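Structural overview for review
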Amino acid sequence: MTQPTTQPTTLTGERLVESMTAAERARAERVEAVLPRLREAAAGADAAAEFPAGHVALLRDAGLLGLVVPEEYGGLGGGLRDLAAATYAMGAACPSTALAYFFHNTSASRGLLPLEAVEAGLFSGDDEVKPVRAFAEKVLSRMASGTWMANFASEEVKSSGANIAIATTASPAEGGWVLNGVKSFGCATGVADTYLVTARLDGTSDADGLALFLVPRDAPGVASREPWNGLGMRASNNHGVTLTGVFVPAEEALTVPGAFVRMLRMSRGSFVGNQLAIAACYLGAAQHVYDFAIERLTRRTFADSGRPIASSPMHQVIIGDMTERLETAYLWIRRQLELETSEPPLRPKPEVYRQWRLAKGDITEACFQVALGAFKACGTSAATMDGVIGRTLRDLAMGLVMTFPAERGRLEAAQVITESKENELFASVPR
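Residues numbered from 1 in each chain as written. Predicted model: local features only at pLDDT ≥ 70, side-chain atom pairs only at ≥ 80, totals over all residues. Heavy atoms only, no water.

**Some words on the overall build of the protein**
A tally of helices and strands in the protein yields 12 helices and 10 strands. Taken over the C-alpha trace, the protein has a radius of gyration of 22 Å; the compact-globule value for 431 residues is 22 Å, and the two agree within 12%. Projecting the C-alpha coordinates of the protein onto the three principal axes gives extents of approximately 80 × 60 × 45 Å. Considering only contacts in the protein between residues 6 or more positions apart, those separated by 24 or more positions represent 75%. Accessible surface, the protein as shown: approximately 17800 Å² in total, 53% of it carbon and sulfur. (Helix = DSSP H or I, 4+ residues; strand = E, 2+ residues; numbered from the N terminus. Rg over C-alpha atoms; globule rule 2.2 N^0.38 Å. Contact = heavy atoms within 4.5 Å. Areas by Shrake-Rupley, 256 points an atom, 1.4 Å probe, with all protein chains shown as cover.)

This is the structure we're talking about:
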């Protein structure tokens, strides 16, 4: 007698990334295994506004700090699909952890993109190729071995012509460089093992002077800024750091002129190649608050009629709106994921970049509207600061401003169409 076949349990990440390969599913199972711990700690971490230190060891022991590092460097060999599935799943459990984990993984782009640029012939001669390759391989091998990287690019200084303006300076010193500046935003401040710092070589005035530095968390001259009392994503430790006379050995830096700009040319579209996964954090949180609200509204009943609260016309309008917003976010992010991972590429890079500038804002605004709908529909009894809806509403509000707001994305999409500005992502500015 033929035994019935059992269908494998759907993993959380599979709700976003459908039709995973066997290897992708194996990596997603590692993520699934840590979700209960993340979920248990989420409310307390939000209340304390502190990243749970135990999460670093949890993710390290699961091998997830090397999720997107190639196997040849000791990583799990995942790609953007894996990262999006991971941050989506973590976002459904603890958005703050998902965000911090996302920023750790952005460090891998500082290894992967330079290597791709070398293979593409964008660097020539041993004086360029060797230091670029050495730095890139160092970043990747350290991540795979369990080093948590905090990626510090953003600063208080703003530029009208770029998303991130770099004023932190690197001055030459015997055997290396000395860094001075303030980084205003970067997850895992005081938690990560190493800070990956973007700085401007002293005496330069354009993006060709941007360089990368690996700075130990406890290096002399490194200090955390005042704790970040954020509206949402409160447990991501987004304090930022001050750098005062911080010495970095030459072998811990990538200072080849123009290296930063050349490596960015290898990005498929969303900023430096993986920004789509930050939107996945928010979508995971939106799906979670949607599920919470639907379950609550269908389980609870009106005292006079006994009918589910979800059956009232007002609630059905709100639920319909929430559903439409959620599906809109899925459509945007899945299309962007397809554009950035398909082989061969479906669209030229400028079109992929333009799509992302539009997609990011629409995804995060749609996710926020899902949480706002849950807030309206579930009423005052669910309107607590420490409840699922209250926490998620605040977390998703951060998506409206993080990286760039929707309005800037639409402006830049128009500029891509009319002015070919797809590579103008960073600006180097004098202090």
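**Digging into the pairing of strand β5 (residues 194-201)**
Here β5 lies mainly inside the structure; eight of its eight residues are buried. Both strand β1 (residues 149-152) and β5 contribute to a ladder of four bridges, which runs parallel. Each bridged residue has a counterpart across the sheet, and for Ala 150 the counterpart in β5 is Tyr 195. Inspection of the sheet shows strand β3 (residues 169-173) paired to β5 by two bridges, in the parallel sense. (Buried < 20%, exposed > 50% of the residue type's maximum accessible area, 1.4 Å probe, protein only. Pairing = 2+ DSSP bridges.)

**Some thoughts on the pairing of strand β4 (residues 176-183)**
Here β3 runs beside β4; their pairing, made up of five bridges, is antiparallel. Bridged to Ala 170 within β4 is Leu 179. In textbook terms, the turn of a hairpin is the stretch between consecutive antiparallel strands, and for β3 and β4 this stretch comprises two residues, one of which, Gly 175, has a positive phi near 80 degrees. As defined by bridge partners, β4 adjoins strand β8 (residues 241-249) across eight bridges and the pair is classed as antiparallel. Across the sheet, residue Leu 179 finds its bridge partner in β8, namely Val 246.

**Here's the deal with empty space enclosed by the protein**
Within the structure shown, the criterion is met by four cavities of 30 Å³ or more. Forming the walls of the largest cavity are Ala 42, Ala 45, Asp 46, Cys 94, Pro 95, Ser 96, Arg 234, Ala 235, Arg 391 and Asp 395. Every element with two or more residues in the lining of the largest cavity is listed here: α1 (22-48), α4 (95-106) and α11 (388-398). At three residues, the largest contribution of residues to the lining of the largest cavity is made by α1. (1 Å grid on protein atoms, 1.4 Å probe; cavity = no way out; pocket = protein on both sides within 12 Å on 5 of 7 lines; lining within 4 Å. Points joined across faces, edges and corners; volume = space filled by probe spheres on them.)

**Some words on the domain arrangement of the protein**
The domains assigned to the protein are domain 1 (18-132), domain 2 (149-261) and domain 3 (267-419). Taking only C-alpha atoms, the centre of domain 2 and the centre of domain 3 are 31 Å apart. (Domains from an automatic or database assignment.)

**Here's the deal with the packing of helix α3 (residues 80-93) against helix α9 (residues 313-341)**
The geometry of α3 relative to α9 is characterised by a closest axis approach of 10 Å and an angle of 155 degrees between their N-to-C directions. One element, α3, and the other, α9, form an angle in the roughly antiparallel class. Seen from α3, the contacting residues are Leu 80, Arg 81, Ala 84 and Tyr 88; seen from α9, they are Tyr 330, Leu 337, Glu 340 and Thr 341. Classifying every residue of the contact of α3 with α9 by side-chain character gives five nonpolar, one polar and two charged. (Axes fitted to C-alpha atoms, helices over the stretch in contact; angles between N-to-C directions. Parallel < 35°, antiparallel > 145°, perpendicular 65-115°, else oblique. Nonpolar A, V, L, I, M, F, W, Y, C, P; charged D, E, K, R; others polar.)

**Things to note about the state of the cysteines**
All chains considered together, the criterion is met by zero disulfides. Looking at Cys 378, it has no disulfide partner, and the nearest cysteine sulfur is the one in Cys 367, 17 Å off. (Disulfide = S-S within 2.5 Å.)

**Concerning the UniProt feature "domain: Acyl-CoA dehydrogenase/oxidase N-terminal" (unreviewed entry) in the protein**
The UniProt record marks residues 37-109 with the feature "domain: Acyl-CoA dehydrogenase/oxidase N-terminal" (unreviewed entry), using the residue numbering of this structure. Annotated as residues 37-109, this span is 64% helix and 0% strand, and its ends, taken at the C-alpha atoms, are 28 Å apart. (UniProt positions renumbered as here; feature names shortened; annotations may be inferred.)

**Let's talk about the pattern of salt bridges**
Inspection of every chain in the model, using the stated rule, returns 22 salt bridges. Note that Arg 81 is salt-bridged to Glu 24, the shortest N-O span being 2.8 Å. Placement of the pair is Arg 81 in helix α3 and Glu 24 in helix α1, with a sequence separation of 57 residues. Of the charged contacts, one joins Asp 82 and Arg 27 as a salt bridge, the two residues approaching to 2.6 Å between their closest N and O atoms. Note that Asp 82 is positioned in helix α3 and Arg 27 in helix α1, a separation of 55 residues in sequence. In terms of burial, Asp 82 and Arg 27 fall into one category: buried. (Salt bridge = Lys/Arg side-chain N within 4 Å of Asp/Glu carboxyl O.)

**Observations regarding the packing of aromatic side chains**
Per the stated rule, a full pass over the model turns up five aromatic pairs. Between Phe 102 and Phe 103, the aromatic rings sit 5.1 Å apart at their centres with planes inclined by 75 degrees, giving edge-to-face as the arrangement. (Phe/Tyr/Trp six-rings, centres within 6.5 Å; stacked < 30°, edge-to-face > 60°.)

**Thoughts on the nonpolar core**
Formed by 132 residues in total, the largest nonpolar core has its most connected members in Leu 64, Tyr 101, Trp 148, Phe 213 and Val 215. Sort the elements by how many residues they give to this core and helix α8 (residues 276-299) lands first, with 14 residues. Apart from the residues within four sequence positions on either side, Phe 213 is in contact with Ala 170, Trp 177, Leu 179, Tyr 195, Leu 196, Val 197, Ala 199, Leu 201, Val 248, Glu 252, Ala 253 and Thr 255. (Core = buried A, V, L, I, M, F, W, Y, C linked by side-chain atoms within 4.5 Å.)

**Some remarks on the side chain of Asn 238**
Residue position: Asn 238 is located in the loop between β7 (222-224) and β8. Asn 238 sits in the buried class, given a relative accessible area of 0%. Here the side chain of Asn 238 touches Cys 187 through a polar contact of 3.0 Å, landing on its backbone nitrogen. Only 2.7 Å separates the side chain of Asn 238 from the side chain of Ser 236, close enough to count as a polar contact. (Polar contact = N/O pair within 3.5 Å; in protein donor to acceptor, adjacent residues only side chain to side chain.)

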